Amino acid sequence: MSNNITKEKANNSLPLGGVRGAFPILERKIYDKYPLVYLDNGATTQKPLCVLDAMREEYLNVNANVHRGVHYLSQQATDLHEGARERVRQFINAGKSSEIIFTRGTTESMNLVASSFTEAYMKADDEVIISTMEHHSNIVPWQLQGIRKGIKLKVIPMSDDGILDIEAYKLLFSGKTKLVSVTHVSNVLGTVNPVKEIIRIAHEHGVPCLIDGAQSTPHMKIDVQDLDCDFFAFSGHKMYGPTGIGVLYGKEKFLDEMPPYQGGGDMIGTVSFEHTTYAALPYKFEAGTPDYIATNGLAKAIDFMEQIGLDNIEAHERELTRYALEQMQQIPGMHIFGPLDPNHRDAVISFLVHDPSSSAVGPSLSSPQGFCPPQNGGTERGLREGAFIHHLDMGTLLDRLGIAVRTGHHCAEPLMNRLGINGTVRASFALYNNKEEIDTLVAGIKRVSMMF
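Residues numbered from 1 in each chain as written. Predicted model: local features only at pLDDT ≥ 70, side-chain atom pairs only at ≥ 80, totals over all residues. Heavy atoms only, no water.

A. Structural view of the pairing of strand β8 (residues 209-212). By the alternation rule, side chains of β8 split into C209 and I211 and L210 and D212, which are all buried. With 4 bridges joining them, strand β7 (residues 177-183) and β8 adopt parallel strand pairing. Counterpart to S181 in the pairing with β8 is L210. What joins β7 to β8 is helix α7 (residues 195-204), and the crossover it makes is right-handed. As judged from the 3 bridges shared by β8 and strand β9 (residues 231-235), these two strands associate in the parallel manner. Note on β9: the bridge partner recorded for D212 is A233. (Buried < 20%, exposed > 50% of the residue type's maximum accessible area, 1.4 Å probe, protein only. Helix = DSSP H or I, 4+ residues; strand = E, 2+ residues; numbered from the N terminus. Pairing = 2+ DSSP bridges. Right-handed = clockwise from strand over helix to strand, strands pointing away.)

B. The arrangement of the side chain of Q215 in detail. With respect to the helices and strands, Q215 occurs in the loop between β8 and α8 (224-227). Judged by relative accessible area, Q215 falls into the buried class, the value being 12%. A polar contact is formed between the side chain of Q215 and the backbone oxygen of G42, at a distance of 3.0 Å. (Polar contact = N/O pair within 3.5 Å; in protein donor to acceptor, adjacent residues only side chain to side chain.)

C. Spotlight on the nonpolar core. Ranked by size, the top nonpolar core spans 78 residues in total, and within it F23, I92, Y169, V180, F232 and L431 carry the most contacts. The greatest single-element share of this core, amounting to 10 residues, is contributed by helix α10 (residues 292-308). In contact with F23, not counting residues within four places along its chain, are Q46, K47, P48, Y240, F304, L431 and Y432. The next biggest cluster of nonpolar side chains, apart from the first, holds 30 residues, and it includes L340, I349, M394 and V425. (Core = buried A, V, L, I, M, F, W, Y, C linked by side-chain atoms within 4.5 Å. Contact = heavy atoms within 4.5 Å.)

D. Highlighting the pattern of salt bridges. The full count for this structure, using the stated rule, is 25 salt bridges. When the shortest N-O distance is used, the salt bridge between K154 and E127 registers 3.3 Å. Placement of K154 in strand β6 (residues 152-156) and of E127 in strand β5 (residues 127-131) is noted, with a sequence separation of 27 residues between them. For K154, a relative accessible area of 23% puts it in the partly exposed group. The buried category is assigned to E127, whose relative accessible area is 11%. The partner of K435 in a salt bridge is E319, with the nearest N and O atoms 2.9 Å apart. On the criterion of sequence distance, the pair formed by K435 in helix α14 (residues 435-451) and E319 in helix α11 (residues 310-328) is long-range, its members being 116 residues apart. E319 sits in the partly exposed class, given a relative accessible area of 22%. A single network of salt bridges, built from pairs that share partners, joins E319, R322, E326 and K435. (Salt bridge = Lys/Arg side-chain N within 4 Å of Asp/Glu carboxyl O.)

Below, the structure is given as structure tokens:
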């Protein structure tokens, strides 16, 4: 199959025509027996041949360090690297390519903002608003700034079905609020947060916004100018690109005033033992040799997604999610976390299944989301660990059937505490998944449940 997936071919039928042929790994047999059913896309996606071929081609024929070389190969490599920056700018509709900073991933992007923004704009007892459903990458960096500089966190509460309380959010602002930092899509609940409204409310208070787009960028069209976010972070490896490359978009007015995150080569204007000046944006924040091979790979991943069409990808994954929710709710004892309306969730489903051998009290399965009424002042949600097949057991046994899911707290322990559990099983979908794989997952869950 050609690596050039055209929109016409992609639209033939779900799952996006013959797009699976671009991912040879999907033909693997697990334990030399079962076809691979890869449903761990929220952690990382598989890479199409066009991305791998482009990176191999550059290593073989264009490999040279960028920016500082006057020779032919260096100039070619620089053109590819800076062309990738412009490609990213177009992809998220940023105003300037100088507002696109290459990082190692969403985590580094969030840490960069936490460090540099705090240094530029915050002092002891200033506040950052985050939400209950944040990934650790949007919690721990701010806690580190709390230790170093006395920064305080305020947390947006959520409802039992995983929806942020916007009215409570409005009440969190004070004269000390300096930044709002929230996830676009929960990596556990799949909740698609109303970030445009969250940003608008923050701006009414004169407060800028950082959006964690790690779980949204692979699944929907992003327009940072339409959102009017001040910062936006995402990772290449979750959107069919290579590992170790990510992006931080930031509005020029903030990036200009923020100090560098790291020091070294390529981020300087002049250096003496007495004084150093810094390079212009975006290079001020890109110390050292960048992963110029990976930036080219990221650009090719963007080409791949756009050839298929972001609207087509979103529609396909929404239909998969709807189908999965519908089928999984038929499993006895199934407990799905987050909103059950596929219009309010992205392509991820976290779940637990009641353990029929357990005498522990389980969730109220008669309620739409399966949540028990809040107990102990609302800090305990009535879910009992002993009532469920342990997420690790479920994930391990599904793996023996060739089904790759993720188990644990998913780097969201505060959210798990809010739910009254210590982990879930998570199935997450991508453009190459199909309904037959959902059927295999459902059959696998039923089979594992019967073992108990």
